[in-house]
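Structure at a glance
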Amino acid sequence: MLAGVQILGILFALSMIYITYVYYRRKNYNLRSLALWMAVWIATLVLISVPQTVYGVMQALQIERTADFFVVAGFAFFAVIIFYMYIILKKTNQKLEDLVRQSSFYEADKTNNKKKNKK
Amino acid sequence: MNKKTGEDVWIIIPSYNEQKNIGSVVKKTIQLGYKNVLVVDDGSKDLTKKTAENAGAKTIRHKINLGKGSAAKTGCDYAINKGAKIIILMDGDGQHKPKDIPRFIKTMKEKNVDMVFGYRQIDNNMPGVMRFGNFFISISTKIIQGIKIRDTQSGFRCIKAEAYKKIRWQSTDYSMESEMISNAAKHKLKYAEIEIQTIYHDKFKGTTIFDGIKIFINIIRFKLFGG
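Residues numbered from 1 in each chain as written. Chains lettered and ligands numbered in written order. Predicted model: local features only at pLDDT ≥ 70, side-chain atom pairs only at ≥ 80, totals over all residues. Heavy atoms only, no water.

**Some remarks on the pairing of strand β6 (residues 157–160) of chain B**
All names here are of chain B. Using the following cut-off: Three labels apply to residues, based on accessible area from a 1.4 Å probe with only protein chains included: buried if under 20% of the type maximum, exposed if over 50%, partly exposed otherwise in between. Secondary structure counts use DSSP, requiring at least four H or I residues in a row for a helix and at least two E residues in a row for a strand, with both numbered from the N terminus. We call two strands paired when DSSP finds no fewer than two bridges between them.
Burial along β6 is two-sided: Arg157 and Ile159 and Cys158 and Lys160, pointing in opposite directions, are all buried. Note: strand β4 (residues 86–89) against β6, 4 bridges, orientation antiparallel. Bridged to Ile88 within β6 is Cys158. Direction of pairing for strand β5 (residues 115–120) relative to β6: antiparallel, over a ladder of 3 bridges.

Here you go:
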């Protein structure tokens, strides 16, 4: 018999599988990203449906309750995601800055050359 | 003023929505004999660029607002590409007096230093929050960075081209002022300070208390991790 929280978790995982597929069909990302996120949601679905799969890990980590394990694992997972997004954002900001700068140099030189030719 | 010196000197003025003041700043600077006055319009929504051009400045425009640090970097990179030997950084809001520029250059040559920092006299003209903030940040910089600068947040500075390559910052915002000092300390650059006059048009413009907290955190961050 599934607990209430398990039912919620399964519904959540199924919803995310559906949303992930829809956005793939809308070409928001490629097949590789789809495969990665599908793996995440399917793993979530399996772990929630069959929590016995993590009992070995829980014992090794000395975590008593399955819910605690999911909270800790979830926190670690999202901390990694946030760090990864931070790195991506920093890189994107740098690229944007470089692009705007190059564009402004090009426009400035174009304008200055026009003025020189007029003289 | 020596004609040759004038050609090697570039005045970089990062500006954002400074249509009201930029014309006057540029005119006064050009009247001193400096022909390389470069206004970097950081994505302004007004006529900053046009006003600066009409006043006689060279201009560069960012298509979007990137921040003061980015605008200053754009100006300095451009000036170095065009052969600048000395760079003067000043604000476009009329706070800094162009007539102080020759004193920066004179101090740099006489004391043979890589950088000259302008410091604002702490008096009743400076808003109270700024006075406290400046004092706290200066003390923090001395303790954490090991470099004694009277006014770490003054944007009126003079830098040699070779020194710029060493202190070139990553920050895109006001943090550049602190990062510049941190990099100067790291590379053990020689520096001097001169007193400058400052006019406060708007008490609420510029750095706030929250900016001050961010600057303090940045002082520690630049010391530990660099830019």
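**A closer look at the packing of aromatic side chains**
All names here are of chain B. Quick reminder of the rule: Put simply, two rings from Phe, Tyr or Trp (the six-membered ring, in Trp's case) pair if the centres are within 6.5 Å, and we call them stacked under 30 degrees between planes, edge-to-face over 60, tilted for the rest.
Tallying each qualifying case throughout the model produces 11 aromatic pairs over all chains. Taking the centre distance of 4.5 Å and the plane angle of 40° together, the rings of Phe104 and Phe156 count as tilted. Here Phe104 is found in helix α5 (residues 101–111), whereas its partner Phe156 is found in the loop between α6 (128–145) and β6, with 52 residues between them in sequence. For the pair Phe117 and Tyr191, a centre-to-centre distance of 5.8 Å together with 80° between the ring planes defines the contact as edge-to-face. Residue Phe117 is found in strand β5, and its partner Tyr191 is found in strand β7 (residues 191–196); the two are separated by 74 residues along the sequence. Note on Tyr191: relative accessible area 29%, which makes it partly exposed.

**Quick notes on a nonpolar patch on the surface**
Residues and elements named next belong to chain B. To keep things clear, this is the line we draw: To count toward a patch, a residue needs a relative accessible area over 30% and no salt bridge; like charges are then connected within 9 Å, while nonpolar side chains (Val, Leu, Ile, Met, Phe, Trp, Tyr) are connected within 5 Å. Only the protein chains shown count as covering a residue, and every accessible area follows the Shrake-Rupley method with a 1.4 Å probe. Put simply, a salt bridge is a Lys or Arg side-chain nitrogen that is within 4 Å of an Asp or Glu carboxyl oxygen.
On the surface, a nonpolar cluster with roughly 540 Å² of combined accessible area is contributed by Val129, Ile209, Phe210, Ile213 and Ile217. If one sorts the elements of the nonpolar patch by residue count, helix α9 (residues 209–225) sits on top with 4 residues. Positionally, Phe210 belongs in helix α9. Using a relative accessible area of 67% as the deciding quantity, one classes Phe210 as exposed.

**Re the pattern of salt bridges**
Opposite charge on two side chains lets them pair, provided their charged atoms get close. Residue and element names in this part refer to chain B. For the coordinates displayed, the defined rule picks out 15 salt bridges over all chains. The salt bridge involving Glu193 is made with Arg150; its shortest N-O contact spans 3.9 Å. Placement of Glu193 in strand β7 and of Arg150 in the loop between α6 and β6 is noted, with a sequence separation of 43 residues between them. It is possible to trace a salt-bridge network through shared partners that takes in Lys68, Asp91, Arg157 and Glu177.

**Some words on the side chain of Thr152 of chain B**
Residues and elements named next belong to chain B. Quick reminder of the rule: Any pair of N or O atoms that falls within 3.5 Å is considered a polar contact. Within protein, one atom must be able to donate a hydrogen and the other to accept it, and sequence-neighbouring residues count only if both atoms are side-chain atoms. We call two residues in contact when some of their heavy atoms are within 4.5 Å.
Within the secondary structure layout, Thr152 lies in the loop between α6 and β6. Side-chain polar atoms of Thr152 contact the side chain of Gln153, separated by 3.0 Å. With residues near it in sequence (within four places) discarded, Thr152 still touches Asn134, Ile137, Ser138, Thr141, Arg157, Glu177 and Ile181.

**Let's talk about the packing of helix α1 (residues 4–25) of chain A against helix α2 (residues 31–49) of chain A**
Residues and elements named next belong to chain A. Put simply, the rule reads: Axis definition: a line fitted to C-alpha atoms, over the contacting stretch in the case of helices. Angles run 0 to 180 degrees between N-to-C directions. In what follows, roughly perpendicular refers to angles from 65 to 115 degrees, roughly parallel to angles under 35, roughly antiparallel to angles over 145, and oblique to any angle outside these ranges. Under the scheme applied, nonpolar residues are Ala, Val, Leu, Ile, Met, Phe, Trp, Tyr, Cys and Pro; charged residues are Asp, Glu, Lys and Arg; polar residues are all the others, including Gly.
α2 packs onto α1 with a crossing angle of 170° between their chain directions and a minimal axis gap of 9 Å. Comparing their axes, α2 and α1 come out roughly antiparallel. Residue-level inspection shows Gln6, Gly9, Ile10, Phe12, Ala13, Leu14, Met16, Ile17, Thr20, Tyr21 and Tyr24 of α1 in contact with α2, the latter providing Leu31, Leu34, Trp37, Met38, Trp41, Ile42, Thr44, Leu45, Ile48 and Ser49. Among the residues forming the contact of α1 with α2, the class breakdown is 16 nonpolar, 5 polar and no charged.

**Structural notes on the environment of Asn36 of chain B**
All names here are of chain B. As for its placement among the helices and strands, Asn36 is situated in the loop between α2 (19–31) and β2 (37–42). A residue is classified by how much of its surface remains accessible, and Asn36, at 5% relative accessible area, is buried. Separated by 85 residues in the primary sequence, Asn36 and Gln121 have C-alpha atoms spaced 28 Å apart.

Coordinates in, geometry out; function isn't part of it.
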